[in-house]
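Structural overview
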There are 2 protein chains.
Amino acid sequence: MAGRLIGVWNVKAVSTLQPRWVQICSTSSRLTSTAASASFKASDVQIKHAENSKPKPKVEDLVFGANFSDHMLEIEYTADKGWGKPVISPFHNLSIHPGAKGLQFAVELFEGMKAYHCVDNKIRLFRPMENMKRLLSTAERLSLPTFDGRELLKCIKKLISIDSEWVPRSLESSLYIRPTFIGTEPTLGVGKSTSSLLYVIIGPVGPFFKTGFKPVSLLADPQFTRAWPGGVGGYKTASNYGPTVYVSNYAIQKDCQQVLWLFGNDHQLTEVGTMNLFTFWVNEQGEKELVTAPLNGLILPGVTRKSLLELARKWHEFKVTERNYTMAEVQKALNENRLLEMFGSGTACVVCSVEKILYNENWLKIPEVTEKKSLTKRFLKELTDIHYGKVPHEWMETLDD
Amino acid sequence: MAGRLIGVWNVKAVSTLQPRWVQICSTSSRLTSTAASASFKASDVQIKHAENSKPKPKVEDLVFGANFSDHMLEIEYTADKGWGKPVISPFHNLSIHPGAKGLQFAVELFEGMKAYHCVDNKIRLFRPMENMKRLLSTAERLSLPTFDGRELLKCIKKLISIDSEWVPRSLESSLYIRPTFIGTEPTLGVGKSTSSLLYVIIGPVGPFFKTGFKPVSLLADPQFTRAWPGGVGGYKTASNYGPTVYVSNYAIQKDCQQVLWLFGNDHQLTEVGTMNLFTFWVNEQGEKELVTAPLNGLILPGVTRKSLLELARKWHEFKVTERNYTMAEVQKALNENRLLEMFGSGTACVVCSVEKILYNENWLKIPEVTEKKSLTKRFLKELTDIHYGKVPHEWMETLDD
């Protein structure tokens, strides 16, 4: 029955049932020509060192995603030969056929993750296998070949160890890691790509907000929709992002910094820009509650989202709920002074406070996060302490793990 | 009010109202940094000829979209310098930064159009300005720069005239033209691409069905959705295609050749694979009627679709209707022997008969198109006669027009 419901807009069904096609994806290795066991191996990696290292920008000059290290990782796949050997070589442009399925049909996906220079001078990654799992799930949804995620992670660690000087020695910055996977078959019919390129580029990034912890304003306009039941909203496909650029620009015209993506005729809150969204309030039963949209195929299963939920559930200090909730509920909570905080979460910013929302031409003012007992700031400190190794945690992996 | 409705799933509203954001797109040159008047000029084209011509495949060996001519057209754009000069040069791979917004976020789009070697030995294009208009509308939706469509068409004609030997001298094949437009800015934040590349590749294609006019079987499964209100289903973005590959493979597993994309809890028929869909029936009022889904932002505004509607309306022989219609209506018409024909339309196949539909685990058998008075075959002959110049028509443009 679940499958019957996912293609339609019975919102309750969408929120509570596991879509059948998600199940299909996670069990359908028969639909991909290569089983997960057929993988490249990190032990086969071939390394060509750059002759010179590029000058490294100062931490205070870093713009997100604009600086890249000296090397990159590439692994080619062809249907007849399978996976090639991983190659680490000097950072370079890709030579791509103009008819490649990546360029023509968005048969392409990415991941975003970070490595930190920790206080004990070791470099650590934050929950990297979570990204490997999501990468594989997205690859399967785009009919791209799968592989052993641990082998890719080993290759990434090798790349970082070669470019270890690019991991900023700063508690305000980190190394951003961008695995990308594109279909390269050069034919113009829409179909499975029989060749593909998995590559990883890395580069230093500064604090997401240069001027410190700065809350954002959001446009919540129901005329724009990010994802839909029966689509790919729960995967990190490139196709989820291009169509949002115009809407983000539209939001800027309306004096908003990001888009709050609504869904359904009851205007459910789903995501913010490229972040998951959390609301902390006193619910109608008078309980303190942290609420976020459920993983129903419409939102990205964020690694930071997952981590915040796990932290909060461990604290046992307030109710933690994954469910659909609506703008009407938010407005009611604001009117009744029950809304405490609202924030986005993501790899780039970790957490990001919401200041106000433009909805139906009215500004909804979210309470300011100033006091020290703010949940948003507590999450930021807790995760940052873990990231930089101030608090040892099983979520962090060194390059040798 | 239209804007209020497009983000939600009031299906009647979606079908009858012009979405506000479509209006925004078509009037919002302020949202693109370059007004349409700032364009490259075909008179500036720089030509570098290939030293040798590649061997041309036999018409009977042609696979759709697998063969490319000797030259290609490229035009670069940067936010600070604007449009560069058009360059026609030997066909080559593109050198693309691995962090380009096209590869990362599907800031990319394409068009598909054809040129024919006509019976009077002239080469003609079929309604090329329709493709230019759609290209510009899609570019605007992806916040890519716009330009003068007539100038691009002149550049394309120049490219075809240089590679004119690649236009097959056959009434069963044609030259396929693939304009492509990608964001090239090499930064990893989701945002407007400040640099981009518009390019055009061309190549000979054979008849879509090698074995002649062959009807297809379709999977109609409501768990999959191609497009939705507030999304980009009405534009030719690359992002509309990648997510469909998995579903097409799923259809093949179910012994179907293509996907019939349904929408809504009433299972409206929208598109087929990469084609628009037409149903020819005797409606419940006893009238002969050709029906197809309306241009409500959920389906691609096909040039062949438009042409078939215009032809049929000119004939005045039966009712021609653009409206939402459902699988229940199709099933009822089949049960009452009122369904006459069903076919897809598109640049690649022109028209393509539907043989049967797998819906709710049952096969719906569509009447066979055998007799000479078939509407599908009449459309095919009419359009083919226009394409190859057997019937002179204003829709065709020579390279000198």
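Residues numbered from 1 in each chain as written. Chains lettered and ligands numbered in written order. Predicted model: local features only at pLDDT ≥ 70, side-chain atom pairs only at ≥ 80, totals over all residues. Heavy atoms only, no water.

Moving on, we get to the overall build of chain A. Within chain A, the secondary structure is distributed over ten helices and 20 strands. Going through the 401 residues of chain A one by one, you find that 62% of them count as buried. If you take every contact in chain A between residues at least 6 apart in sequence, the share linking residues at least 24 apart comes to 72%. For chain A, the computed accessible surface area is about 15,300 Å², with 50% contributed by carbon and sulfur atoms. (Helix = DSSP H or I, 4+ residues; strand = E, 2+ residues; numbered from the N terminus. Buried < 20%, exposed > 50% of the residue type's maximum accessible area, 1.4 Å probe, protein only. Contact = heavy atoms within 4.5 Å. Areas by Shrake-Rupley, 256 points an atom, 1.4 Å probe, with all protein chains shown as cover.)

Let us look at helix H7 (residues 242-253) of chain B. Along an α-helix, a turn takes 3.6 residues, which lines up residues three or four apart on a common side. Counting buried positions over the twelve residues of H7(B) gives nine, a clear majority of the element. Here H7(B) has its buried residues at B:Gly242, B:Pro243, B:Thr244, B:Val245, B:Tyr246, B:Val247, B:Asn249, B:Tyr250 and B:Ala251.

What follows is about the nonpolar core. In this structure, A:Leu73, A:Phe147, A:Leu152, A:Ile160, A:Ile177 and A:Phe181 are the most contacted members of the largest nonpolar core, which totals 42 residues. For this core, the element with the highest residue contribution is helix H6 (residues 149-162) of chain A, accounting for six residues. Not counting the four nearest positions on each side in its chain, A:Ile177 is found in contact with A:Glu111, A:Gly112, A:Met113, A:Lys114, A:Ala115, A:Leu125, A:Ile156, A:Ile160, A:Val200, A:Ile201 and A:Ile202. Counting 41 residues, the second largest nonpolar core, distinct from the first, contains A:Val245, B:Ile156, B:Ile160 and B:Leu175. (Core = buried A, V, L, I, M, F, W, Y, C linked by side-chain atoms within 4.5 Å.)

Residues and elements named next belong to chain B. Applying the stated criterion to the full structure yields zero disulfides over all chains. For the unlinked cysteine Cys118, the closest cysteine sulfur is that of Cys349, found at 19 Å. Overall, Cys118 belongs to the buried group, its relative accessible area being 3%. (Disulfide = S-S within 2.5 Å.)

Turning to the pairing of strand S13 (residues 268-272) of chain B, a few remarks are in order. Residues and elements named next belong to chain B. In terms of burial, S13 is a largely internal element, five of the five residues being buried. In this structure, strand S12 (residues 258-263) lies alongside S13, joined through four bridges in antiparallel fashion. Along S13, the bridge assignment pairs Phe263 with Gln268. Two successive antiparallel strands, S12 and S13, enclose a turn made up of four residues, where Gly264 displays a positive phi of approximately 90°. Note: S13 against strand S14 (residues 275-282), two bridges, orientation antiparallel. Considered in S14, the bridge of Glu271 is made with Asn276. Where S13 folds back on S14, the antiparallel hairpin that results is connected by two residues, among which Gly273 adopts a positive phi of roughly 50°. (Pairing = 2+ DSSP bridges.)

Contacts between the two partners involve 81 residues from chain B, matched on the other side by 83 residues from chain A. The contact between chain B and chain A buries some 7,000 Å² in all, and 60% of this surface belongs to carbon and sulfur atoms. In this structure, the connection of chain B to chain A is made through 27 residue pairs in polar contact (both at pLDDT 80 or more). For the side of chain B that touches chain A, the leading source of residues is H7(B), giving nine residues. Partitioned by chemical class, the residues of the side of chain B that touches chain A number 42 nonpolar, 30 polar and nine charged. With three bridges connecting them, strand S5 (residues 94-96) of chain A and strand S5 (residues 94-96) of chain B associate as antiparallel partners. In the strand pairing of S5(B), A:Leu94 is matched with B:Ile96. (Buried area = accessible area lost by both parts, 1.4 Å probe. Polar contact = N/O pair within 3.5 Å; in protein donor to acceptor, adjacent residues only side chain to side chain. Nonpolar A, V, L, I, M, F, W, Y, C, P; charged D, E, K, R; others polar.)

We now examine the pattern of salt bridges. Residue and element names in this part refer to chain A. With the rule as written, the count across this model stands at 38 salt bridges over all chains. Residue Arg169 is joined to Glu165 by a salt bridge in which the shortest nitrogen-to-oxygen separation is 3.7 Å. In this structure, Arg169 and Glu165 share a single accessibility class: exposed. (Salt bridge = Lys/Arg side-chain N within 4 Å of Asp/Glu carboxyl O.)

It takes a turn of 180° to lay chain B on chain A, together with a shift of 0.0 Å along the axis; the resulting RMSD is 0.0 Å. Such a combination of turn and shift is consistent with a two-fold rotation axis. Of the residues that chain B buries at the interface, 100% are likewise interface residues in chain A, meaning the two copies contact each other through the same surface. (Least-squares fit on C-alpha atoms with pLDDT ≥ 70 in both.)

Moving on to the UniProt feature "modified residue: N6-(pyridoxal phosphate)lysine" (unreviewed entry) in chain A. Residues and elements named next belong to chain A. Here, UniProt's "modified residue: N6-(pyridoxal phosphate)lysine" (unreviewed entry) annotation points to Lys236. The residue Lys236 is located in the loop between strand S11 (216-220) and helix H7 (242-253) in this model. For Lys236, the contacting residues outside a window of four places in its chain are Leu109, Phe110, Glu111, Gly112, Arg134, Thr138, Tyr241 and Leu300. (UniProt positions renumbered as here; feature names shortened; annotations may be inferred.)

Before going further, it helps to examine empty space enclosed by the protein. Counted by the stated rule, this structure contains nine cavities of 30 Å³ or more. In this structure, the largest cavity encloses a volume near 310 Å³. Around the largest cavity, the lining is made up of 27 residues, and of these A:Ser239, B:Arg226, B:Trp228, B:Ser239 and B:Asn240 lie nearest the centre. Of all elements in the fold, only H7 of chain A together with H7 of chain B reach the threshold of two or more residues within the lining of the largest cavity. (1 Å grid on protein atoms, 1.4 Å probe; cavity = no way out; pocket = protein on both sides within 12 Å on 5 of 7 lines; lining within 4 Å. Points joined across faces, edges and corners; volume = space filled by probe spheres on them.)

Two packed helices can be described by the angle between their axes and the distance between those axes. Residues and elements named next belong to chain A. At a minimum axis separation of 9 Å, helix H5 (residues 128-141) and H6 run at an interaxial angle of 125°. As judged from the angle between their axes, H5 and H6 are oblique. When you trace H5 past H6, the crossing you get is right-handed. Side by side, H5 and H6 meet where Pro128, Met129, Met132, Leu135 and Leu136 of the first sit next to Gly149, Arg150, Leu152, Leu153 and Ile156 of the second. Among the residues forming the contact of H5 with H6, the class breakdown is eight nonpolar, one polar and one charged. (Axes fitted to C-alpha atoms, helices over the stretch in contact; angles between N-to-C directions. Parallel < 35°, antiparallel > 145°, perpendicular 65-115°, else oblique. Left-handed = near helix turned anticlockwise from the far one by under 90°.)

What follows covers unusual backbone geometry. Residues and elements named next belong to chain B. Despite not being glycine, Ala106 has its phi angle at roughly 60°, a positive value. The residue Ala106 is located in the loop between helix H4 (101-105) and strand S6 (108-110) in this model. The buried category is assigned to Ala106, whose relative accessible area is 0%. Here Asn121, not a glycine, exhibits a phi torsion of approximately 70°, which is positive.

Residues and elements named next belong to chain A. Contact geometry of helix H8 (residues 303-315) with helix H10 (residues 375-387) gives a least axis separation of 11 Å together with a crossing angle of 105°. Taken together, the axis directions place H8 and H10 in an arrangement best described as roughly perpendicular. Contact with H8, carried on its side by Thr304, Ser307, Leu308, Leu311, Ala312 and Trp315, involves Leu375, Arg378, Phe379, Glu382 and Leu383 of H10 and no other residues of that element. Of the residues contributing to the contact of H8 with H10, the split by class is seven nonpolar, two polar and two charged.

Attention now moves to H5(A). All names here are of chain A. When the terminal C-alpha atoms of H5 are compared, their 20 Å separation across 14 residues agrees well with the 20 Å that a helix rising 1.5 Å per residue should span. Summarising burial for H5: twelve of the 14 residues are buried, a large majority. All buried positions along H5 are accounted for by Pro128, Met129, Glu130, Asn131, Met132, Arg134, Leu135, Leu136, Thr138, Ala139, Glu140 and Arg141. Looking at the residues trailing H5, positive phi occurs at Ser143, about 55°. (Expected span 1.5 Å × (residues − 1).)

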